[in-house]
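# Reading the structure
Listed below, chain by chain, are the residues.
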Amino acid sequence: MSERFDIAVIGCGVVGLAILRRLAMSGLKAVALEKGADILSGASKGNSALLHTGFDAPPKSLELKCMQAGYAEYLDIRQNLNLPLLETSAIIAAWNEEEKAKLEGIEKKARANGVNDVKQLSPTELRIREPQLSRNALGGLLVPGEHVIDPWSAPLAYAHQAIAHGAKIIRKAEVTAARFEKDAWHLTTAQGEVTARIVINAAGLYGDKVEALARTPSFEVKPRKGQFVVFDKPAAKLLRAILLPVPTARTKGVVLFRTIFGNLAIGPTAEETDERENATTDTATLEKLKARAIEMLPALKDVDVTALYAGLRPATQQSEYIIEADEKQNWITAAGIRSTGLTGSLGIAQHVSALYAKHFGKLPKKLPPPKWTPVPNLAEHAIRPYMKGGEIICHCEWVTRGEIEAATKGPLPAGDLAGLKRRTRATMGRCQGFYCAQHVSAAFEKAKHGAS
Ligand SMILES: Cc1cc2nc3c(=O)[nH]c(=O)nc-3n(C[C@H](O)[C@H](O)[C@H](O)COP(=O)(O)OP(=O)(O)OC[C@H]3O[C@@H](n4cnc5c(N)ncnc54)[C@H](O)[C@@H]3O)c2cc1C
């Protein structure tokens, strides 16, 4: 490729796409390279999709700063991009006296982090808010600002907006080598060589491997798996708030939450693993998760499980985000964004943009007006296309042929069936594709190639 870019972002997870968006909107000539057939092929494809306030983040940390900036920007832009917000609030429930004693400390930390609307709940207040909750809960802490968002549409919208501002996204373009010559990086990819003045490593689960292509990595990715159990749609009526446990130093713990797609889920676990690609699930863990969900919300015993999934956090040996610029090497690293990157991504992009301006060149003070690129709604609580008619192809999730066709068009058509699922919800329902996968696949191929 003879074109030369100002910036090459390696990795199209939510972090890379948010960075691409911000830098493209600042007028830089930017490209993003993704090894998968579609965007969101790594950690960003399977998470809990909670929009966090940062109430329990390490005080004064970069993670807190990015999360709170990301949270604010998400609320600011979401209507222009048609991004949903399921306003749930969260409750940290105490299930024994020891946990109850910790609530005060959590409240103090939240206030120190600028989250001032937290409030302790007595068992009676808890029951009024959550009548289905087990009577074993001894109290809780309400965090009104915690919400649920769509894990897939948000990064897709960032990608579309980046493209509208001139960015390129190249998929199936794994970066396998990097050499710095004269004043630019030359990246070897499966789609040819890409040249850019500055490289931004946002390779998530492969952050250390990509770092090693150019410099000695200061960190090692130690993937941390999180398994989830998803209950069928009727379960969503049983709980209003996100139900959080009292967190430990190592993990936020297992959460019971409504999904944006109208289900109720429990997870994630936190398991060290060597898996970097596909996260596997195991029956014993899933049974434990299911049992814990029923313990907290007894009515769940009558609801079927619809799906199981697992995600991989790009954890490293340190808990803080690793975001740094190396001026001598024309390199920016955005790594180790393990548990809060969906919330933090827009804030991380702001931080990376400031690093760019400090080390590599001024960015225009006055930005051109944003070009808004709204995405189709996938959220269950808002109007969906099938409500206006159309031929339904996936009956569990009410996905229409029109949605499948639309997902094969535009500036970033679905790269494969997994990408199609993330753009439409097709095959992710009760039958898990048992009845519809063949029809969905045929509709996808027909829309792509015009074949039947
Ligand atoms: C179980 C779980 C629950 C979570 N819950 C939440 C939550 O509720 N709220 C929240 O805010 N966050 C949550 N997160 C965190 C969030 O999902 C991550 O922080 C985020 O997805 C990290 O994104 P990333 O872009 O850094 O990495 P990734 O998504 O891994 O993106 C990196 C991309 O780089 C690509 N790549 C790798 N190597 C190369 C190469 N050599 N060349 C080209 N491309 C390459 C990969 O294919 C991948 O697409 C959760 C995460 C997990 C796993």
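Residues numbered from 1 in each chain as written. Predicted model: local features only at pLDDT ≥ 70, side-chain atom pairs only at ≥ 80, totals over all residues. Heavy atoms only, no water.

A few words on the nonpolar core. In terms of nonpolar packing, the biggest core is built from 86 residues, with Ile19 and Tyr158 touching the most fellow members. If near-sequence neighbours (up to four positions away) are discounted, Tyr158 is found in contact with Val14, Leu17, Ala18, Arg21, Tyr74, Ile77, Leu81, Leu83, Ser345 and Leu346. (Core = buried A, V, L, I, M, F, W, Y, C linked by side-chain atoms within 4.5 Å. Buried < 20%, exposed > 50% of the residue type's maximum accessible area, 1.4 Å probe, protein only. Contact = heavy atoms within 4.5 Å.)

Turning our attention to the packing of helix α1 (residues 14-25) against helix α5 (residues 153-164). Contact pair α1 / α5: the axes reach a minimum separation of 8 Å and the direction vectors enclose 30 degrees. Classed by the angle they form, the pair α1 and α5 counts as roughly parallel. Note on packing geometry: the crossing formed by α1 with α5 is left-handed. Within the contact between the two elements, α1 uses Val14, Leu17, Ala18, Leu20, Arg21, Ala24 and Met25 and α5 uses Pro155, Tyr158, Ala159, Gln161 and Ala162. Its residues assigned to classes, the contact of α1 with α5 shows 10 nonpolar, one polar and one charged. (Axes fitted to C-alpha atoms, helices over the stretch in contact; angles between N-to-C directions. Helix = DSSP H or I, 4+ residues; strand = E, 2+ residues; numbered from the N terminus. Parallel < 35°, antiparallel > 145°, perpendicular 65-115°, else oblique. Left-handed = near helix turned anticlockwise from the far one by under 90°. Nonpolar A, V, L, I, M, F, W, Y, C, P; charged D, E, K, R; others polar.)

Around the ligand, a shell composed of 42 residues is seen, among which Glu34, Ala43, Ser44, Ile337 and Thr343 lie nearest. Between the ligand and the protein, one listed contact pairs an oxygen atom with a backbone N or O atom of Gly42 at 3.4 Å. The backbone of Ser48 places a nitrogen or oxygen atom 3.2 Å from a nitrogen atom of the ligand. Burial of the ligand by the surrounding chains reaches 98%, relative to a free accessible area of 1000 Å². Of all elements in the fold, only α1, β12 (224-231), β17 (305-313) and α8 (341-359) reach the threshold of two or more residues within the shell around the ligand. For the shell around the ligand, the residue count by class is 20 nonpolar, 17 polar and five charged. (Near = heavy atom within 4 Å. Polar contact = N/O pair within 3.5 Å; in protein donor to acceptor, adjacent residues only side chain to side chain. Areas by Shrake-Rupley, 256 points an atom, 1.4 Å probe, with all protein chains shown as cover.)

Without other data, these values stay purely geometric and don't point to any function.
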